[in-house]
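Single-letter residue listing:
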Amino acid sequence: MTPELSWYLAVSAVLFTIGVAGVVIKRNVIAMFMCIELMLNAVNLTFVAFASFFQDVTGQLFVFIVMTVAAAEAAVGLGIIIAIFRNRETLDVDEASILKL
Amino acid sequence: MLALLFILFAGIAIGSAIAVVAQRNPLYSAISLIGVFISLACLYVMLAAPFLAAVQVIVYAGAIMVLVVFVIMLLNVEQEERRTRLSFLVPAAVGLAALLIAEVTFILYWVQVSPVTPAGNVSDTGLTASIGTGLFTTYLLPFEITSILLLMAIVGAMTLARRTAELPPGARVVPGAQVLALNIIDPTVPLDDTTAIEAHTTVEVAKILGIPDDHDPARRD
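Residues numbered from 1 in each chain as written. Chains lettered and ligands numbered in written order. Predicted model: local features only at pLDDT ≥ 70, side-chain atom pairs only at ≥ 80, totals over all residues.

1. Comments concerning the overall build of chain A
- Counting secondary structure elements, chain A contains three helices and zero strands.
- When the helices and strands of chain A are read in sequence order from the N terminus, they spell out α-α-α.
- Rg of the C-alpha trace for chain A: 17 Å, well past the compact-globule value of 13 Å for 101 residues, more than 25% over.
- Evaluated residue by residue, chain A yields a buried proportion of 44% over its 101 residues.
- In chain A, 45% of the contacts between residues at least 6 apart in sequence involve partners at least 24 apart. (Helix = DSSP H or I, 4+ residues; strand = E, 2+ residues; numbered from the N terminus. Rg over C-alpha atoms; globule rule 2.2 N^0.38 Å. Buried ≥ 20, exposed ≤ 12 C-beta atoms within 10 Å, placed from the backbone. Contact = placed C-beta atoms within 7 Å.)

2. Quick word on the overall build of chain B
- Of the regular secondary structure elements, chain B holds eight helices and two strands.
- Shown N-terminal to C-terminal, the secondary structure of chain B runs as helices and strands in the order α-α-α-α-α-α-β-α-β-α.
- Counting over 221 residues, chain B shows a buried share of 21%.
- A fraction of 42% describes how many contacts in chain B between residues 6 or more apart in sequence connect residues 24 or more apart.

3. Considering the interface of chain A and chain B
- The interface is formed by 59 residues belonging to chain A together with 59 residues belonging to chain B.
- Looking at the side of chain A that touches chain B, the element that brings in the most residues is helix α3 (residues 58–88) of chain A, giving 22 residues.
- When its residues are assigned to classes, the side of chain A that touches chain B shows 43 nonpolar, 12 polar and four charged. (Nonpolar A, V, L, I, M, F, W, Y, C, P; charged D, E, K, R; others polar.)

4. Some remarks on helix α1 (residues 5–25) of chain A
- Compared with the 30 Å implied by 1.5 Å per residue over 21 residues, the 30 Å span of α1(A) between its first and last C-alpha is a close match.
- Along α1(A), the residues classified as buried are A:Tyr8, A:Val11, A:Ser12, A:Leu15, A:Ile18, A:Gly19 and A:Gly22. One side of α1(A) holds all its buried residues, which, seen down the axis, span an arc of 125 degrees.
- On its buried face, α1(A) sits against α2 (29–54) of chain A together with α1 (2–22) of chain B. (Expected span 1.5 Å × (residues − 1). Arc of directions from axis to C-beta.)

5. Digging into α2(A)
- Over its 26 residues, α2(A) runs 38 Å from end to end, which matches the ideal 38 Å to within 8%, given 1.5 Å per residue.
- Looking at the residues trailing α2(A), positive phi occurs at A:Gln55, about 55 degrees.

6. Observations regarding the environment of A:Asp92
All names here are of chain A.
- Within the element layout of this structure, Asp-92 appears in the segment after α3.
- Residues Asp-92 and Val-29 lie 63 residues apart in sequence; the distance between their C-alpha atoms is 6.5 Å.
- Ignoring anything within four residues of it in the chain, the contact list for Asp-92 reads Arg-27 and Asn-28.

7. A closer look at the nonpolar core
- Grouped together as the largest cluster of nonpolar side chains are 61 residues, with contacts concentrated most on A:Ile30, A:Met34, A:Leu38, A:Leu45, A:Val48 and B:Tyr44.
- Of all the elements in the fold, those that place two or more residues in this core are α1, α2 and α3 of chain A together with α1, α2 (26–46) and α3 (50–75) of chain B.
- When neighbours within four sequence positions are excluded, A:Val48 is seen to be in contact with A:Gly59, A:Gln60, A:Val63, B:Tyr44, B:Leu47, B:Ala49 and B:Leu52. (Core = buried A, V, L, I, M, F, W, Y, C linked by C-beta atoms within 7 Å.)

8. Here we look at the confidence of the model for chain B
Residue and element names in this part refer to chain B.
- Residues at a pLDDT of 70 or more form 65% of chain B, whose mean pLDDT is 78.
- Low pLDDT (under 50) marks residues 174–178, which in the prediction has six contacts with non-local residues, meaning those over four places away or in another chain.
- For this predicted complex, the interface score ipTM comes out at 0.92, alongside a pTM of 0.75. (pLDDT = per-residue confidence, 0-100.)

9. Section: unusual backbone geometry
- Of note in the backbone geometry, A:Gln55 takes a positive phi value of approximately 55 degrees without being a glycine.
- Structurally, A:Gln55 can be placed in the loop between α2 and α3.
- Here the phi dihedral of B:Ala48 falls at roughly 60 degrees; this positive angle occurs in a residue that is not glycine.
- Taking the number of C-beta atoms within 10 Å as the measure of exposure, B:Ala48 has 21 and is therefore buried.

10. Describing the packing of α2(B) against α3(B)
Residue and element names in this part refer to chain B.
- Where α2 contacts α3, the axes come no closer than 8 Å and their chain directions differ by 175 degrees. Taken together, α2 and α3 sit at an angle that is classed as roughly antiparallel. Along its contact with α2, which presents Pro-26, Leu-27, Ala-30, Leu-33, Ile-34, Phe-37, Ile-38, Leu-40, Ala-41, Tyr-44 and Val-45, the element α3 presents Pro-50, Leu-52, Ala-53, Gln-56, Val-57, Tyr-60, Ala-61, Met-65, Val-68, Val-69 and Ile-72.
- Taken together, the residues that form the contact of α2 with α3 break down as 21 nonpolar, one polar and no charged. (Axes fitted to C-alpha atoms, helices over the stretch in contact; angles between N-to-C directions. Parallel < 35°, antiparallel > 145°, perpendicular 65-115°, else oblique.)

11. Digging into the packing of α2(A) against α3(A)
All names here are of chain A.
- Orientation of α2 relative to α3, taken along the N-to-C sense of each, is 175 degrees, at an axis distance of 9 Å. Compared by their axis directions, α2 and α3 come out roughly antiparallel. Across the interface between the two elements, Val-29, Ile-30, Phe-33, Glu-37, Leu-40, Val-43, Asn-44, Phe-47, Val-48, Phe-50 and Ala-51 of α2 pack against Thr-58, Gly-59, Gln-60, Phe-62, Val-63, Val-66, Ala-70, Gly-77, Ile-81 and Ile-84 of α3.
- Its residues assigned to classes, the contact of α2 with α3 shows 15 nonpolar, five polar and one charged.

Right, here's the structure in full:
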């Protein structure tokens, strides 16, 4: 018995849902950031699964680009987090409810 | 055998993902997230994508998570405290989650169309050579756009993380053109006076406020 495409899609859906739940539940900016990374990885798993089952390399190229975007997002996002912490002395998103720093 | 491995890695991935959300300490969340990344890399190997598995471990579990852990340590984040605001929405959330799971189960149960993998897996899909060929021929433009994106991310991160001069709490600072309340410079002016002085660089602000310049090369160790 070998794993089928739908198995991978199910795992990906579960991971994505957990990530969405984390973004909604968490109040710490860094924890929300990590849940966004979790969602990106869930989508990556779908891409790789489709690429593997259809024998097409395009999906894996998409994953490569998604990883690059995630790295850029990590750099800018953590810079924003440091700026917020420097101005407000907290990482609670409820405290940072206005866009003004 | 493959199914057992799949269940093992998928189980580790989902368990670690739940731990990411359930932990209150961000550092524990980060460690659990590394578990998710590594088990996903194992799933990539099972899907015949060894290059992406290596990149997943190197870029995600290596670079990005080190950055996150570094920021957590740097900011010395305390544990998240429990709050009861909006707790009346918990039953609604449970109901909606059950509905979502029911929908997904329905789709996965009824839609049975699955592509057939060719027997004897001889395709080079997923090997480094095929990815490089695709990246530098058909998808050259997205690849170049990605490099511009990374350049912009470097500039943006440097701009955001730059430390301006130490200002008193009353100072209003706008990045780029920095505007200071007049009573910072002249204490005799009443507090609600809206007159402001503009300074365009951090060095100018420091000079107005009489703060010693951090960027003086003579004082650098």
